[in-house]
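# Remarks on the overall topology
Each chain is listed here by its residues.
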Amino acid sequence: MRRYFSRKLLIYILTFFLAVTIDWLIPRFMPGDPVQNMLSRAMLRADAAEVMYGYYTKAFGLDVPIGQQYLNFWNALFHGDLGTSVYMFPTPVTKVLLRAVPYDIFLLIPSILLSWYAGNKFGAYAARSKWLDNTVSPLGYVLTATPYMWLGILLAWFFGIVLGKFPIAGAYSFNLVPHLSWMFIWDVLKHWFLPFASLFLVGFGGQAIGMRNMIIYELEADYSHYLEALGAPRSLVRKYAFRNAVLPQITGLALSLGVIVAGALVTEVVFSYPGIGYLLLAAIQNQDYFLIQGCFLFIIIGVLFANFVIDIVYLLIDPRTRTGMMGETA
Amino acid sequence: MSLQVEHLTVYYQTLRGDVQALEDATFTIEDGEIMGLAGESGCGKTTLGHSLIRLVPPMRYVRGKVKIDSEELPIWGMEEMNPFRFKKISIIPQYAMNAMNPTRKIGKMTEELLESRKVSFSDTLPELKRRLDMVELTHDVMNMYPIELSGGMKQRMVMVLSTLMDPTLLIADEITSALDVSTQKAVAEMLVEFRNRECCNSVMLITHDLSILYQIADTIMVMYAGQLSEKAATHTMIHSPRHPYTKLLISSLPKVGVKYAEKRLKGIPGSPPLLLDPPIGCRFRERCPVAFDKCLDVPPFLEIEKDHLVACWKEFERDA
């Protein structure tokens, strides 16, 4: 058991190191210069711009050789410092990110969990009868093949423009200041609904299709046939099939929860929803090295953590992994 | 008489038409009889075995009657068969190694299966333990997952499980095929032991391995291309077969004391017909050395000596 976990941990640390290095490299491969970019917006006089350029380059630590920058980056990272945002200068990246994360959680946790739950129930149900299967499965395929932003645009157009029932941008009305009142909560929920619906529908289709296929696979497995041959009622055969079919679905759930902090980039862009996805796009457009790094760092930690949790959960729910692991230590 | 099959015909539905895998099978299995069902791959022996217990698409019931203990089996109905399965008729499947749910402890699975059939698990437990002893499995297997057992152990566990309700007929489908010879012998002997201790009344042992049948079967029935060819007591079948196919089949087996370096083993020239569009009449006709005009009609499966049934016009003529 110990050896199993220490080996896993080593792999995770190695993955973290590599992923963060790539995360550091990627923005620096982008053509252009973030400081130049920032200054050009300020429209300074040429000589002033030059002075400011020198100052900011130093302030962001971009004046030292690239190797030194890399070391400085790790050093700062271990001190919990992700740098200062260029785009929202002078707010520290950590603060910018922490402001955006609640929106992601609020939007994504319900949509992922609900679409997972409903999709699995529905997929298992669809596998039950030919009639349902023939009507529901094509619908599921259409939904899961729909690009998020396209569905988002459709929903925004129909519910926001044609019916005028829902607002189509922001997390709350621009004329409101966040405070605790029923009016504000109602406003937030209204803004939340359309992005939520677009994420839910696409996720739902994918989960339902996945579950339907898994259930059919399990129902054709040898153990299902054996139970049938011994006259076990359908309910028992289905119960076993469902329990076994849901195992891979749990991996899927954990992985989608892992990228939660990445936000749903396109959906957030369509609805101008101020989560990390929206932030990431702005960061890329403004060549904000530090903010891009920060966003990706959240994603990396999220994915690794989710994987780690799955490893543990699998030990608890699937006896095959448990025995496999014990065989390894023995 | 424990099993009576009359004119049983089962086809496989395919897009290109029906595959006539089992045509007009009529035979009986006596109480306590271990009947070996032999034939080459694709001759319909597994189709026959499975159609008696779990007839599902693409298999299609065409006609025929099956009686077990003089009670008619509704083999055409998936749901209607349920009361008979496990209790009257049971199976040790070919896939015994994967027959148990991988994520349930064996004991728990057994309990859920029994309870679902309205049988009390606690009442059955002593008998279950006695049978585990019989096949030399420790009682600990009840607390194990299938993955923790070796292939042979899984096979024995499935044997115990399948016969737990003392079925009238036990279908054993290729149960020795995936095992090494010494394990084969042990499993085969266990099967006889099960019969002797009345864990099951009679056995239909499906295999392509005639040597196993020679050791444990009371009777052997040979099939060819979906039709029954011959059924006789094991000794008669091995030493004085009557059907031309059986004769060639037996003569193609190696014999003790003969050096096959000097004398090549004989095979049967030709290959079995496709059952999508089988030849009319006797399906062995095209490979048969003694075929004649009459063979264009399907020969009936008749008793030409006591307990010796053959489907061959030539043999009927000889006896007439």
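No experiment lies behind these values; they were computed from the predicted model shown.

### What about the state of the cysteines?
Residues and elements named next belong to chain B.
- Tallied over the entire structure, the rule returns zero disulfides over all chains.
- Of the cysteine sulfurs around C288, a residue in no disulfide, the closest is that of C312, at 6.0 Å.
- In this model C295 remains outside any disulfide bridge; the closest cysteine sulfur is found in C282, 5.9 Å from its own.

### Examining the interface of chain B and chain A
- In this complex, chain B contributes 30 residues to the contact, which on the side of chain A involves 23 residues.
- Counting the surface lost from both chain B and chain A, the interface buries some 2,400 Å², and carbon and sulfur atoms represent 60% of this.
- Where chain B touches chain A, the interface holds two salt bridges.
- Taken together, the connections running from chain B to chain A amount to 13 residue pairs in polar contact (both at pLDDT 80 or more).
- Of all elements in the fold, only β6 (89-92), α2 (106-116) and α4 (151-162) of chain B reach the threshold of two or more residues within the side of chain B that touches chain A.

### Here we look at the pattern of salt bridges
Residues and elements named next belong to chain B.
- Scanning the model with the defined rule gives 23 salt bridges over all chains in all.
- Of the charged contacts, one joins K231 and E33 as a salt bridge, the two residues approaching to 3.1 Å between their closest N and O atoms. Of the two residues, K231 is situated in strand β10 (residues 227-233) and E33 in the loop between β2 (17-29) and β3 (34-38); the sequence distance between them amounts to 198 residues. You'll find K231 and E33 in the same group, each marked buried.
- With its nearest N and O atoms 2.6 Å apart, the salt bridge here joins E315 to R242. Taken together, the residues span a long stretch of sequence, with E315 in helix α9 (residues 313-319) and R242 in the loop between α7 (234-239) and α8 (244-251) at a distance of 73 residues. Of the two residues examined, E315 and R242, each falls in the buried class.
- Several salt bridges share partner residues, and in doing so they unite R242, K247, E305, E315 and R318 into one network.

### What to know about the pairing of β6 of chain B
All names here are of chain B.
- Going residue by residue along β6, you find I89 and I91 tucked away on one face and S90 and I92 tucked away on the opposite face as well.
- Note: β6 against strand β7 (residues 169-173), four bridges, orientation parallel. For I89, the partnering residue across the bridge sits in β7 and is L169.

### Quick notes on the sheet that holds strand β11 (residues 302-305) of chain B
Residue and element names in this part refer to chain B.
- With mixed pairing, eight strands are arranged side by side in an open sheet as β6-β7-β8-β3-β9-β10-β12-β11. Two strands lie at the open edges of the sheet, namely β6 and β11, each paired on one side alone. Between one strand axis and the next, the sheet turns through 25° on average, direction left out of account.
- Pairing analysis gives four bridges linking β3 to strand β9 (residues 219-224), with the strands arranged parallel. Residue pairing for β9: L37 is matched across the bridge by M221.

### Comments concerning empty space enclosed by the protein
Residue and element names in this part refer to chain B.
- Evaluated as defined, the whole model comprises two cavities of 30 Å³ or more.
- Taken as a whole, the largest cavity holds about 70 Å³ of empty space.
- For the largest cavity, the lining is made up of 13 residues, of which P244, C282, C288, C295 and C312 are closest to its centre.
- When grouped by side-chain class, the residues that make up the lining of the largest cavity number 11 nonpolar, one polar and one charged.
- Taken as a whole, the second largest cavity spans an internal volume of roughly 40 Å³.

### Side note on the environment of S252 of chain B
Residues and elements named next belong to chain B.
- Along the chain, S252 turns up in the loop between α8 and β11.
- On a C-alpha basis, the gap between S252 and M81 in space is 40 Å, while along the polypeptide they are 171 residues apart.
- Filtering out sequence-adjacent residues up to four positions away, S252 remains in contact with L265, K266 and G267.

### Considerations on the layout of surface pockets
- The space that makes up the largest pocket amounts to roughly 820 Å³.
- Forming the boundary of the largest pocket are 22 residues, of which L219, E220, E228, R234 and R238 of chain A lie nearest the centre.
- For the lining of the largest pocket, the secondary structure elements donating two or more residues are α6 (130-145), α8 (182-219), α9 (222-229) and α10 (234-258) of chain A.
- If you tally residues by element for the lining of the largest pocket, the top one is α10 of chain A, at three residues.
- When grouped by side-chain class, the residues that make up the lining of the largest pocket number nine nonpolar, three polar and 10 charged.
- For the second largest pocket, the calculated volume is near 360 Å³.
- Taken together, 12 residues make up the lining of the second largest pocket; nearest its centre are Y214, I238, L253, P254 and K255 of chain B.

### A look at the packing of aromatic side chains
- As enumerated under the stated definition, the model contains 26 aromatic pairs over all chains in all.
- Arranged with centres 5.8 Å apart and planes meeting at 25°, the rings of F196 of chain A and F200 of chain A form a pair that is stacked. Here the residue F196 of chain A and the residue F200 of chain A both occupy positions in helix α8, the gap between them amounting to four residues, near one helical turn.
- We classify F196 of chain A as buried; its relative accessible area is 10%.
- Chaining the aromatic ring pairs together yields one cluster made of F16, F17, W24, Y70, F73, W74 and F78 of chain A.
- In this structure, K294 of chain B is placed above the aromatic ring of W313 of chain B, and the distance from its NZ or CZ to the ring centre is 4.4 Å.
- Here K314 of chain B stacks its cationic end above the ring of F292 of chain B, 4.5 Å away from the centre of that ring.

### A short note on the confidence of the model for chain A
- Looking at chain A, the pLDDT average stands at 84 and 96% of residues meet or exceed 70.
- For chain A, the element scoring lowest by mean pLDDT is helix α14 (residues 319-329) of chain A, at 58; α9 of chain A scores highest, at 94.

### Description of helix α5 (residues 181-196) of chain B
Residue and element names in this part refer to chain B.
- Taking 1.5 Å per residue as the helical rise, α5 with its 16 residues ought to reach 22 Å, and the 23 Å between its terminal C-alpha atoms agrees with that figure.
- Every buried residue belonging to α5 is among Q184, V187, A188, M190, L191, V192, F194 and R195, and all of these are buried.
- With its phi angle positive at about 60°, E198 sits one or two positions after the end of α5.

Thresholds, definitions, all that
- Residues numbered from 1 in each chain as written.
- Chains lettered and ligands numbered in written order.
- Predicted model: local features only at pLDDT ≥ 70, side-chain atom pairs only at ≥ 80, totals over all residues.
- Heavy atoms only, no water.
- Disulfide = S-S within 2.5 Å.
- Contact = heavy atoms within 4.5 Å.
- Buried area = accessible area lost by both parts, 1.4 Å probe.
- Salt bridge = Lys/Arg side-chain N within 4 Å of Asp/Glu carboxyl O.
- Polar contact = N/O pair within 3.5 Å; in protein donor to acceptor, adjacent residues only side chain to side chain.
- Helix = DSSP H or I, 4+ residues; strand = E, 2+ residues; numbered from the N terminus.
- Buried < 20%, exposed > 50% of the residue type's maximum accessible area, 1.4 Å probe, protein only.
- Pairing = 2+ DSSP bridges.
- Axes fitted to C-alpha atoms, helices over the stretch in contact; angles between N-to-C directions.
- 1 Å grid on protein atoms, 1.4 Å probe; cavity = no way out; pocket = protein on both sides within 12 Å on 5 of 7 lines; lining within 4 Å.
- Points joined across faces, edges and corners; volume = space filled by probe spheres on them.
- Nonpolar A, V, L, I, M, F, W, Y, C, P; charged D, E, K, R; others polar.
- Phe/Tyr/Trp six-rings, centres within 6.5 Å; stacked < 30°, edge-to-face > 60°.
- Lys NZ or Arg CZ within 6 Å of the ring centre and 35° of its normal.
- pLDDT = per-residue confidence, 0-100.
- Expected span 1.5 Å × (residues − 1).

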